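What follows is the residue order along each chain.
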Amino acid sequence: MYKSALAALILAALGGCHTCEDHEKSDFAVTNAKSQFDAGRFDIAKQIFNRALEYCPDNYDALIGYANACREYGTQMYARTEATAKAGKPEAAKKEFEEASANHLQSERAFRSALMLREEDLAPHYGLGLLHYQRATSPVGYPYPLDDRVNRRQARDTAIKEFETVTAKFPNLLQVRRYLGLALFAAGKFDLGRDHLRAYHDRMQNEYNKWLAFRPTTDAEKEVKRIELTKIELDIASVRDVFIAYKDDLNREGAELQGKATRIPAEEERLRTLTKDRLAVELMIRTYQLVNLNAAEMEVRDRCADYLALWNMGKLEGVQPMCLPPQGQEGVFYQQLQRKLDDGVRYRNINYRAIVVAGEDASVGFVCEYSTAKSSKPRPDTEVTLRFRRAGGTWRVTEHP
């Protein structure tokens, strides 16, 4: 967390205290605690952050760090509670559950205290958002059972509120958009959630492409490349894992309703909604993945992006130089494109899914938000495939369905 650009931005105002005799000791302790936090040793980080506060109670950075460490340690303990309970040790599991709950309570109180000190700071809002997001989406039956939709929904809605407070001021913080998108998706607000999640995916894809294109010259550089690629792959996989958990939850709820001998109208309506929601989640599971591109595929993708940007400007003369109609069919080809442009066809929120290069031919498949001048609202998750051919060293569109 402390190494991320997000933390650098929203914690930019944080600094060591300057009114305590031991403020240097306090700041030194914070530095050590952050190292422990980044290494995943949250219990140790919590203790050192607490020591920093003992040295200097008005060290705001230590207070935020303590709140973050309590949150992560509590979440860690909930997972341990599940393992201990499954091992048939109920008394030990009870103690771990109580410790986990106490840490989450300490985290909440510390973040609330930070807001009282600096009500305009966004770090506590982000921290509170993560706290309630983790409680709402916990993959284990703690702090709430998996079928406790009331408490999980309340925690989710609190997380959405806190994340939206951050994005209202800094709309391009991708980690916030990641969690906000997932929370909105869980709330059934698929269109809103999808926008945030795709923005996050596309930035990760761009980072992934940069590392793929990087040509290491030393063993150390090779290892850095491997680590960075793996981090991005695991991150995107973790988002897909959340979608899978959402789908499992929808399936459980659907099975409960299907198992009822009789259902009231509201339950019948909920069943229909669940069917639609499952389709939306299944589509995200299928499409939310990294595209591993080589140099030629990246070139075609970039060419496609340029073409679509010009297309959305709505002028045939803009895209015409980028096209290569079949010989003898130029007139028909451009008439078809003109009709699409006249109909107001637009492609936005592009997510590339399949790019194939075979010699001088290539195809680009993507999912997008498709709209026309006559459509009442855009059609999300529309699948489109464009075909290209290399001519004179440049990729040009040969087929635009």
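Notes on the structure follow. (Residues numbered from 1 in each chain as written. Predicted model: local features only at pLDDT ≥ 70, side-chain atom pairs only at ≥ 80, totals over all residues. Heavy atoms only, no water.)

Notes on the sheet that holds strand E3 (residues 379–391)
Turning to step 1, where the next piece is worked out: If you trace the four strands from one edge of the open sheet to the other, you get E1-E2-E3-E4, paired in antiparallel fashion. Here the strands that pair on one side only, and so sit at the sheet edges, are strand E1 (346–358) and strand E4 (394–399). Direction aside, the axes of adjacent strands within the sheet are offset by 35° on average.
Turning to step 2, where the next piece is worked out: Sheet topology note: the E1/strand E2 (residues 361–371) ladder contains ten bridges and is antiparallel. Its bridge partner being in E2, Ala354 is matched across the sheet by Gly365.
Turning to step 3, where the next piece is worked out: Here helix H9 (residues 190–213) sits on the sheet and contacts E1, E2 and E3; the angle it forms with E1, its principal contact strand, is near 45°. (Pairing = 2+ DSSP bridges. Helix = DSSP H or I, 4+ residues; strand = E, 2+ residues; numbered from the N terminus. Axes fitted to C-alpha atoms, helices over the stretch in contact; angles between N-to-C directions. Contact = heavy atoms within 4.5 Å.)

Overview of the side chain of His104
Turning to step 1, where the next piece is worked out: Its location among the elements puts His104 in helix H5 (residues 90–117).
Turning to step 2, where the next piece is worked out: Residue His104 is classed as buried on the basis of its relative accessible area, which comes to 3%.
Turning to step 3, where the next piece is worked out: Setting aside residues up to four positions removed in sequence, His104 forms contacts with Cys70, Arg71, Gly74, Thr75, Tyr78, Leu131 and Arg135. (Buried < 20%, exposed > 50% of the residue type's maximum accessible area, 1.4 Å probe, protein only.)

Regarding the packing of aromatic side chains
The geometry of an aromatic ring pair is captured by the separation of the ring centres together with the interplanar angle, meaning the angle of the planes.
Turning to step 1, where the next piece is worked out: A complete count under the given rule lists 16 aromatic pairs for this structure.
Turning to step 2, where the next piece is worked out: A ring pair is formed by Phe163 and Tyr179, whose centres lie 6.1 Å apart and whose planes are at 20°; its orientation type is stacked. Here Phe163, found in helix H7 (residues 149–169), pairs with Tyr179, found in helix H8 (residues 174–186); they are 16 residues apart in sequence, far enough to count as distant.
Turning to step 3, where the next piece is worked out: Taking the relative accessible area as the measure of exposure, Phe163 reaches 0% and is therefore buried.
Turning to step 4, where the next piece is worked out: Judged by centre distance (6.2 Å) and plane angle (50°), the ring pair of Trp311 and Tyr347 falls under tilted. Taken together, the residues Trp311 in helix H12 (residues 295–311) and Tyr347 in strand E1 connect sequence positions 36 residues apart.
Turning to step 5, where the next piece is worked out: Linked through ring pairs, Tyr307, Trp311, Tyr347, Tyr352, Phe366 and Tyr370 together constitute an aromatic cluster.
Turning to step 6, where the next piece is worked out: If you follow Arg118 out to its NZ or CZ, it ends over the ring of Tyr60, 4.1 Å from the centre. (Phe/Tyr/Trp six-rings, centres within 6.5 Å; stacked < 30°, edge-to-face > 60°. Lys NZ or Arg CZ within 6 Å of the ring centre and 35° of its normal.)

A closer look at the pairing of E4
Turning to step 1, where the next piece is worked out: Two strands pair when backbone bridges link them, and E3 and E4 are joined in this way by five bridges, in the antiparallel orientation. Across the sheet, the residue bridging to Arg389 is Arg396, located in E4.
Turning to step 2, where the next piece is worked out: Between E3 and E4, which follow one another and run antiparallel, lie two residues, and Gly392 among them has a positive phi close to 65°.

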